[in-house]
Amino acid sequence: MKFLSHVKRNRQNEIIYRKEIVKHISNMLGIIDSYYLPNTNDYRELIFRIIRLHDLGKYSEFFQKYILSGESHPKNYHFHTLIGACSIFNSLSQENLKSALIAYFVVYHHHSNLGNITRCFPEERINQIDDRLKIQYLSILPNLELISDELSILLDGCILAKKRLDLLFDMDDLQNERNIQNYFQVNYLFSLLIEADKLDASDTTIYQKIALPSSKVDGDKGIPCQCWEESVNDFGHLTQNQLRDLVRKRVIENLANENILDQKIFTLTGPTGIGKTLTALDFALKLREKIRDSEGYEAQIIYALPFINIIEQSDSVYRKLFGENEAKILSHYQYADALSQQEENYNDDGAGYDQKIMSLDTWQCDIVITTFVQFLQTLIGNRNRLLKKFNHYAGSIIILDEVQTIALKQLPLVGASLYYLSKFLDARIVLMTATKPKVFELANEKILRQEGEFAQPLELLGSNEDVAKVFKSFNRTALKPLIANPIQNQDEFIEDYFKVHWKEDQSCLVVVNTVKLSIDVYKSIKAYFEEEGIENPLYYLSTNVVPAGRQALIEAIKKDVIKARKGEGLKPLLISTQCVEAGVDLDFDMAFRDLAPIDSIIQVAGRVNREYNKEFIGSVYIVDFGKCSNIYGPMTEDTVRNAIQYFTKEKQEITERQYLELVTYYYNNIYDRHDDGFGYSLNFFKSMKELNYDGSDWSVSKFQVIENGFKTSSVFIECDETATKAKEMFERMIQKKCSRAEFEPYKRDFHQHIIAVPNYLDKATELKAMGNELMKDILYVPFECHEDFYHPVTGFIRDRIEETWGTIL
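A brief report on the enclosed structure follows. Note that the coordinates shown come from a computational prediction; the quantities given were computed from them, not determined experimentally. (Residues numbered from 1 in each chain as written. Predicted model: local features only at pLDDT ≥ 70, side-chain atom pairs only at ≥ 80, totals over all residues. Heavy atoms only, no water.)

### Details of the side chain of aspartate 361
For clarity, the threshold we go by: Under the DSSP-based scheme used, a helix requires at least four consecutive residues in state H or I and a strand at least two consecutive residues in state E, with every element numbered from the N terminus. The definition of a polar contact used here is a pair of N or O atoms within 3.5 Å, where within protein one atom must be able to donate a hydrogen and the other to accept one, and adjacent residues in sequence count solely through side-chain atom pairs. Contact between two residues is taken to exist if any of their heavy atoms lie within 4.5 Å; hydrogens are not considered.
Considering the arrangement of structural elements, one finds aspartate 361 in helix H15 (residues 355-361). Only 3.1 Å separates the side chain of aspartate 361 from the side chain of arginine 385, close enough to count as a polar contact. Ignoring anything within four residues of it in the chain, the contact list for aspartate 361 reads His332, Arg385, Lys388 and Lys389.

Below, the structure written as structure tokens:
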């Protein structure tokens, strides 16, 4: 008799493909056998046993009837996860009780999100569940010998679990152990199981990573040859490109250390515009070659960034560097979490997975470029759909860029999680920043020391003194505080600040703390230009605008800057929010920055005189619209003011040579005063140790990289023909008139027309009252009335004053 694991049906619901369980298990074992596994013997043997038994329940007559007919059993006897979980527990319990409990937990949840370890089964339903197990067992019993032969495992006596209450007590003991290694073992084994399961169910081809040329950056930028001079105080005599060459050479020299493969955590701290993106890639490619030669596998490179627009920018840089067949690069991010939630509905037991989507979701590539949201909510998370790729962290090279954008309260948790990722799963981690937040110092102080651990990252530029020498080599900008009195409104800003300090022969960036204020400032400057006949190009950028045009807008600004420098056009101006700060490759002559954390101010300075024209020093005017405390908290504003006051005692400006000292002073003070705020990290770390994945306020499932102080709705803006076509295809997919594969070519366009809109806005309320929904949690603005809700330049129309926390994007 042939026992089926999966079938595929056509649109007439006719079965057109059948896969046997024995084939499914064999394929999954083959997939895992091709992976790099840390602690190979321990993980390999355990995951193999888990795979062999995870689908045991599919051998029951109830499941076989279900898969052929599509009809569920009224008492759910076709459910298959529990009997597999019980069997793997009994198979392992005499050898290693902890491994048996973890294996039970992993198999039990393999078609759902991970839940609390002690809530695998409600106590009040234990008898009912045991009855189901006995009936399933009796169904399997006649074929036990055949099944044992197919699965290559002795089944006699291991199917029925011991008393369920005893098992419940064992789970309590595992939770009370509070061992962080349990978390990483559960997530890793769970990831291996569900990824292999879904890859084979969808018949997705496994990508075999290839050897990437380690000299690829050298071929593009040349072999770095600028020597590091120990005797000089700074390298201010060098040009911008010579400084980039110097830094890249200094970083790469670390690879000559004979113990470099034993080092798992690195930091790269350098000023903006120093070429950290390509320097880190060069380091990763050469480290990857060393890993290949020494450890025998191709490490995946994972590059994580905070914002979507700089992901697209980095994707372009990477693809230009590599030829078409030299590397497989994937950019993986979601514009709308609501759509990803919808796609989770397809994670059933069938074979309805699209291969292209599965390849993306499981990072079948050499290099993946992704967001902090995707990366960190996989690292600290419980969702089945995200955890498929958790196993890819094992043995990988992870680059986290612009880490200063991670919320302060999350830093100890993130630092500790990265440390344990390197310890338990052999990941190599590079943290890059221009402002040096103390990620691992905080992790050590708040979490790791209490666990008997200590993270010791290697700074790739050398000692603190060496890092300081690089920072002191630049004199591109100066911060000029104008914060004695708060600005009452945008008109006062135009009259008393903008008109006074901006000249028509200067390109200018204005960054404020809220979307509403950015729109008001844009409108006021536009009105001023029209009144005075000023023709300088004026741009607007924030997350209030659909992503579809953001990268094109950035490219347009770059072209205007280049034309103006050649004397062929006027200097452009950009009004924006924090979304322009990190990693966006723009270069202005001057800037205004609303009062904000010091690292944010310095990031804006990094968009001024970026290419280091030594003929002038770009001014960055710090102004105060009076909302800093509302957005960042009173303590942050107080600490920012104290830092600025300390560094302007003798001179009313702070030069770039002082930026590293300024940000160090600021961080030291804010950490000292933020002690109570780190309870956030401590609570989530406690949940990780206790395998508390869901069901309480601090469960792992509640961790989010981006938190708003208000509720938002995802809104699809049908503002052009591309949006209309993408919406039509999405509706067809939802109505099952087309497959996800047919929707896939339109998916990016669909995502790029979605924005997050605060629910408190009048227009959001109006939109909801109209009942315009594409699906649950996605509203939409139809094309015929989009001008009533959406402005082509400033985006979604906002009528309410925004003063709540978290509105900076």
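Moving on, there is more to tell.
### Concerning the pairing of strand S1 (residues 4-9)
Worth spelling out the cut-off: At least two DSSP bridges between two strands are needed for those strands to be called paired.
Bridge analysis of S1 against strand S2 (residues 15-20) gives five bridges, and the strand direction is antiparallel. From the neighbouring strand, leucine 4 faces S2, where its bridge partner is glutamate 20. Linking S1 to S2, which pair antiparallel, is a turn of five residues; within it asparagine 13 sits at a positive phi near 70°.

### Section: the nonpolar core
The following threshold applies: Among the buried residues, those of types Ala, Val, Leu, Ile, Met, Phe, Trp, Tyr and Cys that are joined through side-chain atoms within 4.5 Å form a nonpolar core. For the exposure calls, accessible area comes from a 1.4 Å probe over protein chains only, and a residue counts as buried if that area is under 20% of its type's maximum, exposed if over 50%, partly exposed in between.
One finds Phe184, Phe375, Leu379, Leu574 and Ile598 to be the most contacted residues of the largest nonpolar core, which totals 207 residues. Considering every element that reaches this core, the biggest residue donor is helix H9 (residues 180-201), with 12 residues. Among residues more than four places away in sequence, those in contact with leucine 574 are Cys508, Leu509, Val510, Tyr539, Tyr540, Leu541, Leu553, Ile557, Val580, Leu586 and Phe588. Within the second largest apolar cluster, 43 residues are counted, among which are Phe493, Ile534, Leu573 and Ala764.

### Describing the environment of isoleucine 554
As for its position among the elements, isoleucine 554 is in helix H23 (residues 550-565). You can call isoleucine 554 buried: its relative accessible area is 0%. The spacing of isoleucine 554 and threonine 639 is 85 residues in sequence and 33 Å in space, taken between C-alpha atoms.

### Details of the side chain of histidine 54
Structurally, histidine 54 can be placed in helix H2 (residues 40-54). Side chain to side chain, histidine 54 and aspartate 55 meet in a polar contact 3.2 Å long.

### As for the sheet that holds strand S9 (residues 458-459)
Judged by pairing direction, the sheet is parallel, and its seven strands sit side by side in the order S5-S6-S4-S7-S8-S3-S9 without closing on themselves. The open sheet has two edge strands, strand S5 (329-332) and S9, and neither has a second partner. Strand direction decides the pairing type here: strand S3 (residues 265-269) and strand S8 (residues 428-433), joined by five bridges, are parallel. From the neighbouring strand, leucine 268 faces S8, where its bridge partner is methionine 432.

### Details of the packing of aromatic side chains
Rule in force here: Any Phe, Tyr or Trp ring, taking Trp's six-membered ring, that has another such ring centre within 6.5 Å forms a pair; planes under 30 degrees apart are called stacked, those over 60 apart edge-to-face, and the others tilted. As a reminder, the over-ring test applies to NZ of lysine and CZ of arginine, requiring each to be within 6 Å of the ring centre and within 35 degrees of the ring normal.
Summed over the entire model, instances satisfying the criterion amount to 46 aromatic pairs. A ring pair is formed by phenylalanine 266 and phenylalanine 283, whose centres lie 5.2 Å apart and whose planes are at 70°; its orientation type is edge-to-face. Here phenylalanine 266, found in strand S3, pairs with phenylalanine 283, found in helix H12 (residues 276-295); they are 17 residues apart in sequence, far enough to count as distant. Here the two residues phenylalanine 266 and phenylalanine 283 agree in accessibility, since each one is buried. Aromatic side chains tyrosine 303 and tyrosine 318 sit 5.5 Å apart centroid to centroid with 10° between the ring planes, which places their arrangement in the stacked category. Taken together, the positions of tyrosine 303 in strand S4 (residues 301-305) and tyrosine 318 in helix H13 (residues 308-321) put the pair 15 residues apart, joining distant regions of the chain. Overall, the relative accessible area of 0% leaves tyrosine 318 in the buried class. An aromatic cluster is built from Phe105, Tyr183, Phe184, Trp363, Phe375, Phe390, Tyr393, Tyr419, Tyr420, Phe424, Phe685 and Tyr693, whose rings are joined through pairwise contacts. A cation sits over an aromatic face here: arginine 476 above phenylalanine 474, 4.0 Å from the ring centre.

### A few points about unusual backbone geometry
If you check the backbone angles, arginine 178 has positive phi at about 50° while not being a glycine. Within the fold, arginine 178 resides in the loop between helix H8 (164-177) and H9. The class of arginine 178 is partly exposed, set by a relative accessible area of 38%. Phi at lysine 736 takes a positive value of approximately 60°, unusual for a residue other than glycine. Along the polypeptide, lysine 736 turns up in the loop between helix H29 (721-734) and helix H30 (740-751).

### Some points on the sheet that holds strand S20 (residues 778-781)
The criterion, for reference: All axes here are fitted lines through C-alpha atoms, helices being fitted over the stretch that makes contact, and every angle between N-to-C directions spans 0 to 180 degrees.
Across the sheet, which stays open at both edges, the four strands sit in the order S18-S17-S20-S19 with mixed pairing between neighbours. With one partner strand each, in any of the chains shown, strand S18 (754-758) and strand S19 (773-775) form the two edges of the open sheet. Strand-to-strand twist of the sheet, defined as the mean angle between neighbouring strand axes without regard to direction, takes the value 40°. In the sheet, strand S17 (residues 712-717) pairs with S18 via five bridges, with the strands oriented antiparallel. In the sheet register, serine 714 faces S18, and the bridge partner there is alanine 756.

### Remarks on the state of the cysteines
Worth spelling out the cut-off: The disulfide criterion is simple: two cysteine sulfur atoms within 2.5 Å.
Applying the stated criterion across every chain, the model contains zero disulfides. Cysteine 225 forms no disulfide, and the closest cysteine sulfur to it belongs to cysteine 227, at a distance of 7.4 Å. Since its relative accessible area comes to 58%, cysteine 225 is described here as exposed. Distance from the sulfur of cysteine 628, which forms no disulfide, to the nearest cysteine sulfur (cysteine 579) is 18 Å. A residue is classified by how much of its surface remains accessible, and cysteine 628, at 1% relative accessible area, is buried.

### Regarding helix H31 (residues 762-769)
Count 3.6 residues to each turn of an α-helix, and residues three or four apart come out pointing the same way. Defined as follows: For this quantity, the arc is that covered by the directions from the helix axis to the C-beta atoms.
Looking only at H31, the buried set comprises Lys763, Ala764 and Leu767. Along the long axis of H31, the arc covered by the buried residues comes to 100°, so they all point the same way. Check the buried side of H31 and you find it contacts S17, S18, S20, helix H32 (786-789) and strand S22 (795-796). The positive-phi residue at the C-terminal boundary of H31 is glycine 771, with phi of around 75°.

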